[in-house]
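# Architecture at a glance
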Amino acid sequence: MPGITIEFTEEELAELRAEAKEQGVAIKRLAHDILTEDVVRRRQRQRFIEGAGAKFASLAPEFLDAFPEGDR
C-alpha cells in the first residue's frame, strides 16, 4: 500500500501517541483516520457546494420569472 512520511515535533507526536492510546488504536491508524476524515469531508463539502451552485444556476431563471422582484 502506498504511504507518506509526515514529520511531527516531539510535542505533536506525544499528543498523537496519547490520543491513540486513549482510543485504543495504533498511532498509524489514528493518523490515517484523522487525515482521511478531514480530507474526505472537505472534498465532499466542496462537491456539494459546487453541485448546489449549479442547481441554483439552472433553476434561478425559472424562479425569477415566476416570482418577479416585487413578489419576493
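Report follows, based on the coordinates. (Residues numbered from 1 in each chain as written. Predicted model: local features only at pLDDT ≥ 70, side-chain atom pairs only at ≥ 80, totals over all residues. Heavy atoms only, no water.)

## Regarding the overall build of the protein
If you tally the helices and strands in the protein, you get 2 helices and 0 strands. Dimensions of the protein, computed from C-alpha atoms along their principal axes, come out at roughly 60 × 25 × 20 Å. When burial is assessed residue by residue, the protein has 6% of its 72 residues classed as buried. Accessible surface for the protein amounts to roughly 6,700 Å². Of this, 57% is attributable to carbon and sulfur atoms. Measuring between centres, the 11 positive side-chain charges of the protein sit 6 Å from its 15 negative side-chain charges. (Helix = DSSP H or I, 4+ residues; strand = E, 2+ residues; numbered from the N terminus. Buried < 20%, exposed > 50% of the residue type's maximum accessible area, 1.4 Å probe, protein only. Areas by Shrake-Rupley, 256 points an atom, 1.4 Å probe, with all protein chains shown as cover. Lys, Arg positive; Asp, Glu negative; His and termini not counted. Charge placed at Lys NZ, Arg CZ, Asp CG, Glu CD.)

## Let's talk about the layout of surface pockets
Approximately 480 Å³ is the volume found for the largest pocket. Lining the largest pocket are 16 residues, and of these Ile 4, Lys 28, Ala 31, His 32 and Leu 35 sit closest to its centre. Mapped by element, the contributors of at least two residues to the lining of the largest pocket are α1 (10-23) and α2 (27-66). Element by element, the count of residues in the lining of the largest pocket is highest for α2, at 7 residues. Grouping the amino acids of the lining of the largest pocket by side-chain chemistry returns 10 nonpolar, 4 polar and 2 charged. (1 Å grid on protein atoms, 1.4 Å probe; cavity = no way out; pocket = protein on both sides within 12 Å on 5 of 7 lines; lining within 4 Å. Points joined across faces, edges and corners; volume = space filled by probe spheres on them. Nonpolar A, V, L, I, M, F, W, Y, C, P; charged D, E, K, R; others polar.)

## Details of α1
Because the α-helix completes a turn every 3.6 residues, residues three or four places apart line up on one side. Taking 1.5 Å of rise per residue, 14 residues should cover 20 Å, and α1 covers 20 Å from first to last C-alpha, within 8% of that figure. Downstream of α1 by one or two residues, Gly 24 has phi in the positive range, about 70°. (Expected span 1.5 Å × (residues − 1).)

## A closer look at the environment of Phe 67
Along the chain, Phe 67 falls in the segment after α2. Along the sequence, Phe 67 and Gln 46 sit 21 residues apart, while their C-alpha atoms lie 29 Å from each other.

It is worth stressing that arrangement in space is one thing and function is another; only the former is reported here.
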